[in-house]
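Descriptive analysis of the structure
As a plain string of letters, each chain reads:
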Amino acid sequence: MSDLPSITVVTPCLNRAATLERALESVRAQEYPGEVEHVVVDGGSTDGTVEILERAGVRYVSEPDRGLAHAMNKGIAMARGEVIGWLNADDRYEP
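A brief structural summary. Worth saying up front: this structure is predicted, and the values here are computed from it rather than measured.

What counts and what doesn't
- Residues numbered from 1 in each chain as written.
- Predicted model: local features only at pLDDT ≥ 70, side-chain atom pairs only at ≥ 80, totals over all residues.
- Heavy atoms only, no water.
- Helix = DSSP H or I, 4+ residues; strand = E, 2+ residues; numbered from the N terminus.
- Contact = heavy atoms within 4.5 Å.
- Core = buried A, V, L, I, M, F, W, Y, C linked by side-chain atoms within 4.5 Å.
- Buried < 20%, exposed > 50% of the residue type's maximum accessible area, 1.4 Å probe, protein only.
- Salt bridge = Lys/Arg side-chain N within 4 Å of Asp/Glu carboxyl O.
- Pairing = 2+ DSSP bridges.
- Axes fitted to C-alpha atoms, helices over the stretch in contact; angles between N-to-C directions.
- Right-handed = clockwise from strand over helix to strand, strands pointing away.

Another aspect to go through is the side chain of Glu37. On the secondary structure map, Glu37 appears in strand 2 (residues 36-42). If near-sequence neighbours (up to four positions away) are discounted, Glu37 is found in contact with Ile7, Thr8, Val9, Arg59, Met78, Ala79, Arg80 and Gly81.

It is worth spelling out the nonpolar core at this point. As a rule of thumb, nonpolar side chains are buried together in soluble globular proteins. By size, the foremost hydrophobic cluster in this structure holds 9 residues: Cys13, Ala17, Leu20, Leu24, Val40, Ile52, Leu53, Val58 and Ala89. Put simply, the parts of the chain that give this core at least two residues each are helix 1 (17-28) and helix 2 (49-56). Aside from chain neighbours lying at most four places away, what touches Ile52 is Ala17, Leu20, Glu21 and Leu24.

What follows concerns unusual backbone geometry. One non-glycine residue, Asn15, lies in the positive phi region at around 50°. Along the chain, Asn15 turns up in the loop between strand 1 (7-13) and helix 1.

A few words now on the pattern of salt bridges. Scanning the entire structure with this criterion turns up 6 salt bridges. Its salt-bridge partner being Glu25, residue Arg28 comes within 3.0 Å of it at the nearest N-O pair. Placement of both Arg28 and Glu25 in helix 1 is noted, with a separation of 3 residues, approximately one turn of the helix. Given a relative accessible area of 48%, Arg28 falls into the partly exposed group. Because the salt bridges share partners, they merge into one network encompassing Glu37, Arg59 and Arg80.

Pairing is parallel in the open sheet, where 4 strands are placed in the order 3-2-1-4. The open sheet terminates on both sides in strands that have one partner only, identified here as strand 3 (59-62) and strand 4 (83-86). Mean inter-strand twist for the sheet, computed between neighbouring axes without regard to direction, equals 20°.

Turning our attention to the pairing of strand 2. Counting buried positions along strand 2 gives 6 out of 7 residues, so the element sits mostly inside the fold. Inspection of the sheet shows strand 1 paired to strand 2 by 7 bridges, in the parallel sense. Residue pairing across strands places Thr8 opposite Glu37, the latter belonging to strand 2. At this point the chain moves from strand 1, through helix 1, to the parallel strand 2, and the crossover so formed is right-handed. Bridge analysis of strand 2 against strand 3 gives 4 bridges, and the strand direction is parallel. In the strand pairing of strand 3, Val41 is matched with Val61. As a crossover connection, the stretch from strand 2 through helix 2 into strand 3 is right-handed.

In structure tokens form, the structure reads like this:
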């Protein structure tokens, strides 16, 4: 058991199948010794984004929302971590 705080990364997205896998992998590749959770809030994508999320095994919700701020607030409400991070679906974290 680590004394480090748990982290939740929230990723809002909509129709980001072209870039989402790279973002998901960048979170999985982190070498943080504490707990890392990744939550994706999808706004109802129709481009294969949901299928990518299902294969990746991350926590996600896919439903219409009222934009980026609303999606982030949904993700924060779902988060279990003590520290919240934000990663857009077309970005990635460096090691």
